Amino acid sequence: MRRFHSSMKICRKTACVGLAALMMLGAMSGCGKGEPETRDELPGVGTSGDASDAENEKFDEDSKEVKQKTKQIEGLIDKYFYFDEESDKREEGYYDGIMKGLDDPYSVYYTKEEYDRLQEDDSGSFEGIGATVSKDMSTGVISVVKPLEGSPAEAAGLEAGDVIIKVDDLELTNDMELDFVVGHIRGEKGTNVDIQVYREGEEDYLTFTITRDKIETKTVAYEMLEGDIGYIQVEQFIENTPELFKEAVDSLQKDGAKGIVIDLRDNPGGFVNSVIEMSDYLIDDNEVAEGGSTKGLLLQTKDKNDAVMDEYKCEDGHSVDIPMAVLVNGNSASASEIMAGCLKDYNKAELIGTTTYGKGIVQSVIPLSDGSAIKITIAQYFLPSGTAVHKVGVKPDKEVELDVEKYKKDPEDHKNDNQLMEAVKTLD
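Quick look at the structure, then. Because the structure is a prediction, the values reported are computed rather than measured. (Residues numbered from 1 in each chain as written. Predicted model: local features only at pLDDT ≥ 70, side-chain atom pairs only at ≥ 80, totals over all residues. Heavy atoms only, no water.)

## What about the overall build of the protein?
In step 1: A count of helical and extended segments in the protein gives 10 helices and 24 strands.
In step 2: For the protein, the computed accessible surface area is about 20,900 Å², with 46% contributed by carbon and sulfur atoms. (Helix = DSSP H or I, 4+ residues; strand = E, 2+ residues; numbered from the N terminus. Areas by Shrake-Rupley, 256 points an atom, 1.4 Å probe, with all protein chains shown as cover.)

Structure, rendered in structure tokens:
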């Protein structure tokens, strides 16, 4: 398998506030200790000989036009713009504009500060309020996916589904980038942030004053349910997730679990390498997926020319051979869809819930020389069966809508979670 110098991730447009944004396979990204996946050079990038003379000539011509027009606009700004302006902000706006011109919500520019926060997020600890937020790409609305257990956000009373209207003095608009809003919510431990939200059923907006704290991201939680059914909840796929997941699987099996439910609901994605390592731990290296042709294949990525970039295969020699079920919903995205899809294709688990989000593209985070970075879509991924996920999602084997009213009565009582109870039933 090739190694990458730029970081790669896979996930929906989601972020953990207090961390930077978890986007891409959530992204494929790898920063900090134990880099998940790095590329020395992206295919077709970095060698001038890749382009034809005609293409290079056209690029040079286009570049001249852009420079001339930019110079003209700058001259008009300097001559006529009424307000004082900061050259740094203007410069950052150019870079943002280049990425926005791609018309891809997942391809973005990170300032040095934003890139630093992104790396901090991926490490598994951060300072903030401790809540996952998401931007609906069709409406521009930013809402709370869920507050982390034991977090300041949870203690203050934020709830899943709350639509964020205002952060301190910043009134949100639909065209605001998720990273920009997250940057206002997160901050140093001990400082306060006021968050105003719209909550369905409430006549007026609700305002919460939340004191930021250091948040340790425990991405995996597990317990033994009645009937010796193990339950594992995976909140996202970052650096520490595979180790925690394997520990959960091993502990439950050691305690006599007759089956395992893996809960990927509301999981926005994360590192490719993390989800591959976790899926590999469950699937036999010598098996072939239904509809597939390659033994142990977990994931295949293809570039814009439909050429295969990478194939990820089982290689750890470990598998889990007890019945499994996977819970998914419309917020299960990217890396979550890879795990759910792999287990479905290999007939290792039955999927229960609703169709997943449908993010089947891969982004690479590429550092720039001044400490900033860009994140750019570089590939589409395909499941072991050859199935594409993008804009389609992964359909469950059994469609079960969550009974929200019953669940809200007491979320801690598993019997109020009809999707979970249905999954347990399949393992009896």
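## Digging into the pattern of salt bridges
In step 1: Per the stated rule, a full pass over the model turns up 13 salt bridges.
In step 2: With a shortest N-O distance of 3.7 Å, E235 and K146 are connected by a salt bridge. Separated by 89 residues along the polypeptide, E235 in the loop between β15 (229-234) and α6 (241-254) and K146 in strand β8 (residues 142-147) bring together distant segments of the chain. Residue E235 shares its accessibility class with K146, and that shared class is buried.
In step 3: One salt bridge connects R265 with D263, and the closest N-O pair in it is separated by 2.8 Å.
In step 4: When its relative accessible area of 2% is taken as the criterion, D263 is described as buried.
In step 5: One salt-bridge network, held together by shared partners, links E74, D78 and R90. (Salt bridge = Lys/Arg side-chain N within 4 Å of Asp/Glu carboxyl O. Buried < 20%, exposed > 50% of the residue type's maximum accessible area, 1.4 Å probe, protein only.)

## Here's the deal with unusual backbone geometry
In step 1: A positive phi angle is found at D103, which is not glycine, with a value near 55°.
In step 2: Relative to the helices and strands, D103 resides in the loop between α2 (87-100) and β5 (108-110).
In step 3: Unusually for a residue other than glycine, K391 sits at a positive phi of about 65°.
In step 4: Tracing the backbone shows K391 in the loop between β23 (373-382) and β24 (398-399).
In step 5: Classification of K391 by relative accessible area gives exposed; the value is 74%.

## Topic: the packing of α6 against helix α7 (residues 272-282)
In step 1: Orientation of α6 relative to α7, taken along the N-to-C sense of each, is 20°, at an axis distance of 9 Å. With respect to their mutual orientation, α6 and α7 come out roughly parallel. Of the two elements, α6 crosses α7, and the hand of that crossing is right-handed. Mapping the contact onto sequence places T241, P242, F245, K246, V249 and D250 in α6 and S274, E277, M278, Y281 and L282 in α7. (Axes fitted to C-alpha atoms, helices over the stretch in contact; angles between N-to-C directions. Parallel < 35°, antiparallel > 145°, perpendicular 65-115°, else oblique. Left-handed = near helix turned anticlockwise from the far one by under 90°. Contact = heavy atoms within 4.5 Å.)

## Section: the packing of α7 against helix α8 (residues 335-345)
In step 1: One way to put it is that α7 packs onto α8 with a least axis distance of 10 Å and a crossing angle of 20°. Taken together, the axis directions place α7 and α8 in an arrangement best described as roughly parallel. Note on packing geometry: the crossing formed by α7 with α8 is right-handed. Two secondary-structure elements touch here, α7 through V275, M278, S279 and L282 and α8 through A335, I338, M339, C342 and L343.

## What about the pairing of β15?
In step 1: Summarising burial for β15: five of the six residues are buried, a large majority.
In step 2: Bridge analysis of strand β14 (residues 220-225) against β15 gives six bridges, and the strand direction is antiparallel. Bridge pairing in β15 places E223 opposite Y231.
In step 3: Where β15 lies against strand β16 (residues 259-263), five bridges are found, and the strand directions are parallel. When the sheet's bridge partners are listed, I229 is paired in β16 with G259.
In step 4: Each parallel crossover has a hand, and the one from β15 via α6 to β16 is right-handed. (Pairing = 2+ DSSP bridges. Right-handed = clockwise from strand over helix to strand, strands pointing away.)

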